[in-house]
Amino acid sequence: MHPMHPTSSAQFEASRSGTVPAPEQVRDDVWAVAQRMPGGHLPYSLLYLLRDSDRAFHVIDPGWDSDANWDALTAVLTSLDASPADVRSITATHLHPDHIGLADRLRRASGAPLQLHETEAAAIGSPFVTPQAAEAVERLVETWGVPIERRREIVRVADQASRFVAPRADRTLVDGERLDIPGFDLRALLTPGHTSGHLCLCEGARRLLFTGDHLLPMMHAGLGLGAPTASNPLADYLWGLQRVSAFSDHEVLPGHGYRFRGVTVRAAASAEHHLRRSREVVAVLADAPDSSNWEIAARLTWTAGWQNLTDFFLYSALAQTAMHRNYLERTAERL
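What counts as what
Residues numbered from 1 in each chain as written. Predicted model: local features only at pLDDT ≥ 70, side-chain atom pairs only at ≥ 80, totals over all residues. Heavy atoms only, no water. Salt bridge = Lys/Arg side-chain N within 4 Å of Asp/Glu carboxyl O. Helix = DSSP H or I, 4+ residues; strand = E, 2+ residues; numbered from the N terminus. Buried < 20%, exposed > 50% of the residue type's maximum accessible area, 1.4 Å probe, protein only. Disulfide = S-S within 2.5 Å.

Student: Tell me about the pattern of salt bridges, and name the residues and values.
Tutor: Working definition: two side chains of opposite charge can pair if their charged atoms are close together. For the coordinates displayed, the defined rule picks out 19 salt bridges. The closest approach of N and O atoms between Glu24 and Arg259, which form a salt bridge, is 2.7 Å. With Glu24 in strand E2 (residues 24–27) and Arg259 in the loop between strand E12 (251–254) and strand E13 (260–261), the pair connects residues that are 235 residues apart, well separated along the chain. No difference in accessibility class separates Glu24 from Arg259, as the two residues are buried. Residue Arg27 is joined to Glu251 by a salt bridge in which the shortest nitrogen-to-oxygen separation is 2.6 Å. Taken together, the residues Arg27 in strand E2 and Glu251 in strand E12 connect sequence positions 224 residues apart. Residue Arg27 is classed as partly exposed on the basis of its relative accessible area of 23%. Residue Glu251 is classed as buried on the basis of its relative accessible area of 2%. Beyond isolated ion pairs, a larger network of salt bridges with shared partners links Glu24, Arg27, Glu251 and Arg259.

Student: Go over the state of the cysteines with me, naming the residues and quoting the values.
Tutor: In protein structure, a disulfide is the covalent linkage between the sulfur atoms of two cysteines. Tallying each qualifying case throughout the model produces 0 disulfides. Left without a disulfide partner, Cys200 is nearest to the cysteine sulfur of Cys202, which lies 9.4 Å away.

As structure tokens, this is what we get:
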């Protein structure tokens, strides 16, 4: 297996310093454009711009909806003697606002269709919670055993998330489908887990793998952050990691952070990260089998530290703890 290493020094340094890198060319007719994000946790997402053999443009993951991000995209297009009117398609890896938020504005300016995997396109309501967000989360926090004084911040997250209405797809993609981008061999690759219909995109001729939030270089994907499914998000995610691991000779173009090589090594590390947490859940339940979801989560290892988790990150930690518990109940796999 090839070791993991960054392929963009500018993006690597920016991700280390918390700054936003300048746009850069990845290959002939492929560019990466950092799009700023609010909140301070992650400074930017990565938009990818493809120029087809007819000199028209295609956007992957347009980013957060803001005037600054619109200006960043139009500036790059202008530098290439083009404008938003020259965009022919918009493809989003998933429904989260830091990836799809700018899509409506770009669609209005270009007339380009928005594409999602068919499962993601069918998701209803907020990308983070079920419909009737506040009521559903109020029931969840009680079931999870969240202390009364911490419940309001989680319900507030649900309320804020439910205000984002993801744009409807104009067309849907199925697994293995080749996208209509002349001069490119870009194919859809279903990789659920982060969300139910998360999509990676594989460009065989150029050996590029666009991974959205499925596989990131500096953090591990949160799971189960889409519409509810009958399947377990961790089991789905592990399956998706196996799929991307097959592209060992491809350069990874992620949704955040920096471009890198070594997809197989990074996929193995992400799988181990999540399975290690499952093993921690096993240990907690062996010691205290009647523990609530809150009590289990408080004893797990979190990158930022349990005591530092607030708002969405607290909700995500609790949701993932429940997911790991469910995974253990469903599988007899040895951890």
